[in-house]
Amino acid sequence: FAHDQFDNAARAARLGVACTLTRRRYRAAAVAKVLGTLLASPGVAAAAAAAGTRVQAERGADHACAALEHLLARKN
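Predicted model only: the values in this text are computed from it and were never measured. (Residues numbered from 1 in each chain as written. Predicted model: local features only at pLDDT ≥ 70, side-chain atom pairs only at ≥ 80, totals over all residues. Heavy atoms only, no water.)

Caption draft 1: Local environment of the overall build of the protein. Looking only at helices and strands, the protein has four helices and zero strands in total. Against the compact-globule benchmark of 11 Å for 76 residues, the protein has a radius of gyration of 18 Å, which places it well outside the compact range. Judged by the C-alpha coordinates and their principal axes, the protein covers about 55 × 30 × 15 Å. Within the span of the protein, comprising 76 residues, buried residues form 11% of the whole. Charge separation in the protein, taken as the distance between the mean sites of 11 positive and 5 negative side-chain charges, equals 14 Å. (Helix = DSSP H or I, 4+ residues; strand = E, 2+ residues; numbered from the N terminus. Rg over C-alpha atoms; globule rule 2.2 N^0.38 Å. Buried < 20%, exposed > 50% of the residue type's maximum accessible area, 1.4 Å probe, protein only. Lys, Arg positive; Asp, Glu negative; His and termini not counted. Charge placed at Lys NZ, Arg CZ, Asp CG, Glu CD.)

Caption draft 2: Structural context of the nonpolar core. Leu21, Val31, Val34, Leu38 and Val44 together form the largest nonpolar core, which totals five residues. Looking at this core element by element, the count peaks at three residues for helix α2 (residues 28-40). (Core = buried A, V, L, I, M, F, W, Y, C linked by side-chain atoms within 4.5 Å.)

Caption draft 3: Representation of unusual backbone geometry. You will see that Arg59, though not glycine, has its phi angle at about 50°, which is positive. Its location among the elements puts Arg59 in the loop between α3 (42-58) and α4 (60-75). Note on Arg59: relative accessible area 48%, which makes it partly exposed.

Caption draft 4: Just the pattern of salt bridges, in detail. Scanning all chains against the criterion turns up two salt bridges. Among the ionic pairs, Asp7 bridges to Arg11, the shortest N-O distance being 2.7 Å. With Asp7 and Arg11 both in helix α1 (residues 5-15) and four residues apart, this pair spans about one turn of that helix. Under the relative-accessibility criterion, Arg11 is labelled partly exposed at 48%. Taking the shortest distance from any N to any O, the salt bridge between Asp62 and Arg59 comes out at 2.9 Å. (Salt bridge = Lys/Arg side-chain N within 4 Å of Asp/Glu carboxyl O.)

Caption draft 5: Local environment of α2. With 13 residues, α2 extends 18 Å from end C-alpha to end C-alpha; this agrees with the ideal 18 Å at 1.5 Å per step. Three or more residues of α2 are buried, namely Val31, Val34 and Leu38. Buried residues of α2, seen end-on, are gathered within an arc of 70° and therefore sit on one face of the element. The outward face of α2, more than 90 degrees from its buried face, is lined by the exposed residues Ala28, Ala29, Lys33, Thr37, Leu39 and Ala40. For α2, the secondary structure elements touched by its buried residues are α3. (Expected span 1.5 Å × (residues − 1). Arc of directions from axis to C-beta. Contact = heavy atoms within 4.5 Å.)

Caption draft 6: Structural context of the environment of Gly52. Along the polypeptide, Gly52 turns up in helix α3. Between the C-alpha atom of Gly52 and that of Leu39, which follows or precedes it by 13 residues, the distance is 16 Å.

Encoded structure:
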């Protein structure tokens, strides 16, 4: 319950791949119920697959490696 967790949770919920619980409602039974609903939902599965496709297309690791190599080359 700190820092960017609330923003990350809201973003995941907007993508359709998550559901949020307030601190007051956060109990084992509530978490189990929400997780069960999410895991059983074809819509959530489709949204997660679509988000995964978008993330993979960004090629983040490739870009990060290129940036690091560029920085290292400048230092030598």
